[in-house]
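As a plain string of letters, each chain reads:
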Amino acid sequence: ISNIETMYLRFNIDNANKAFIADCAAKYIFGGGAFTWMDATNVRFERCEAAVAYSRTNGDGFNGHANKTGDAFAKTCVATLVDCWAHDNNDDGYSDHERAETNIYGGLYEYNGKAGVTPSYGSHCVCHDVYSRNNYSGFFYTGNTASDEGGANGQLLCYNCVADGNKGRGGYETGFRVDGNGNSMKLVNCKSINNKIGYACGSASRIELIDCGAYNNDTDKKGDIGSWSYISTTSM
């Protein structure tokens, strides 16, 4: 599907394995997501725009869930996002959840109510060259793994990503943040710039920084020092 714009209705490719969506937009959505791919695998979005999704309590730009049960190790929500733009959504720019695997290449995630990039609840996400700015948090892994999730907790890996100016609201506005029991975040050559907090880690989570930097944040790091690991990282 290419060159289609929807307004006021979500762009639904639930259960559509191997769907390829290019140069499409979904805007002004009353619901949990502008683009959704529930129980769909090998989905690919290229240069798509997700904007102004709202459902009182949430509303993500890109939103993936798995509802199937059975083999705990089977990934039933798998997607790739390339150079997409998610902005002004009530909750997250992008969020996936249980039994999900996502790769994100490039793209801009900005002015979202909670976070730009938010994998959660047992998902496994890798980001390459992603820019996330002016959200509540830039990159945020949250939520405890579901009991039937096959993965060992949840992971977010970021390579060459930038979190800039995330000072939206609340008391935990952060460039890169991980919490939840056993979740981990690994950052390679990432930059936290102009955020209220540069990097944050919950006491039951882990964060590893390799060749990362912190610039002009109000506070460079926050969290349990025992959860941190540094390799060739700018002093913080």
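Our structure's up above, just so we're on the same page.
Residues numbered from 1 in each chain as written. Predicted model: local features only at pLDDT ≥ 70, side-chain atom pairs only at ≥ 80, totals over all residues. Heavy atoms only, no water.

1. Topic: the nonpolar core
Among the nonpolar cores identified, the biggest contains 48 residues, and Phe 35, Phe 45 and Phe 62 are the most heavily contacted of them. Take this core: its biggest share by element is three residues, from strand S9 (residues 77–82). If sequence neighbours within four positions are ignored, Phe 62 has contacts with Phe 35, Trp 37, Phe 45, Cys 48, Ala 50, Leu 81, Cys 84, Trp 85, Ala 86, Gly 93, Tyr 94 and Ser 95. (Core = buried A, V, L, I, M, F, W, Y, C linked by side-chain atoms within 4.5 Å. Buried < 20%, exposed > 50% of the residue type's maximum accessible area, 1.4 Å probe, protein only. Helix = DSSP H or I, 4+ residues; strand = E, 2+ residues; numbered from the N terminus. Contact = heavy atoms within 4.5 Å.)

2. Considering the sheet that holds strand S11 (residues 92–96)
Pairing within the open sheet is parallel, and its nine strands lie in the order S2-S5-S8-S11-S14-S17-S20-S23-S26. With partners counted over all chains shown, the strands left at the sheet margins are strand S2 (11–12) and strand S26 (219–223), one partner each. With four bridges connecting them, strand S20 (residues 174–178) and strand S23 (residues 197–201) associate as parallel partners. Counterpart to Thr 174 in the pairing with S23 is Ile 197. (Pairing = 2+ DSSP bridges.)

3. Structural notes on the pattern of salt bridges
In total, this model carries 12 salt bridges according to the counting rule given. Here Arg 10 makes a salt bridge to Asp 14, at a shortest N to O gap of 3.5 Å. The exposure class of Arg 10 is partly exposed, given its relative accessible area of 37%. Glu 49 is the salt-bridge partner of Lys 27, the closest N and O atoms lying 3.7 Å from each other. In this pair, Lys 27 is assigned in strand S4 (residues 25–30) and Glu 49 in strand S7 (residues 49–54), connecting sequence segments 22 residues apart. Each of the two residues, Lys 27 as well as Glu 49, counts as buried. (Salt bridge = Lys/Arg side-chain N within 4 Å of Asp/Glu carboxyl O.)

4. Focus: the pairing of strand S5 (residues 33–36)
The pairing of S2 with S5 spans two bridges and is parallel. The partner of Asn 12 across the bridge, within S5, is Thr 36. For S5 and strand S8 (residues 60–64), the ladder comprises three bridges, and the chain directions are parallel. Paired with Gly 33 across the bridge in S8 is Asp 60.

5. A word on the pairing of S23
Within S23, five of the five residues are buried, which leaves it mostly tucked inside the rest of the structure. Where S23 meets S26, four bridges bridge the pair, whose relative direction is parallel. Counted as the bridge partner of Tyr 199 is Lys 221 from S26.

6. Description of the environment of Lys 186
Along the chain, Lys 186 turns up in strand S21 (residues 184–188). Classification of Lys 186 by relative accessible area gives partly exposed; the value is 32%. Beyond its immediate sequence surroundings of up to four residues, Lys 186 is in contact with Leu 156, Leu 157, Cys 158, Glu 208 and Ile 210.

7. Re the sheet that holds strand S19 (residues 162–164)
Reading across from one edge, S1-S4-S7-S10-S13-S16-S19-S22-S25 is the order of the nine strands in this open sheet, with parallel pairing throughout. Taken across any chain shown, the strands that pair with only one partner, and hence form the sheet edges, are strand S1 (5–7) and strand S25 (213–215). Across this sheet, the average inter-strand angle for adjacent strands is 10°, counted without regard to direction. As paired strands, S7 and strand S10 (residues 85–87) are joined by three bridges and run parallel to one another. (Axes fitted to C-alpha atoms, helices over the stretch in contact; angles between N-to-C directions.)

8. A word on the side chain of Thr 80
Along the chain, Thr 80 turns up in strand S9. Owing to a relative accessible area of 17%, Thr 80 belongs among the buried residues under this scheme. With residues up to four places along the chain from it excluded, the contact list for Thr 80 reads Val 43, Arg 44, Phe 45, Asn 103 and Tyr 105.

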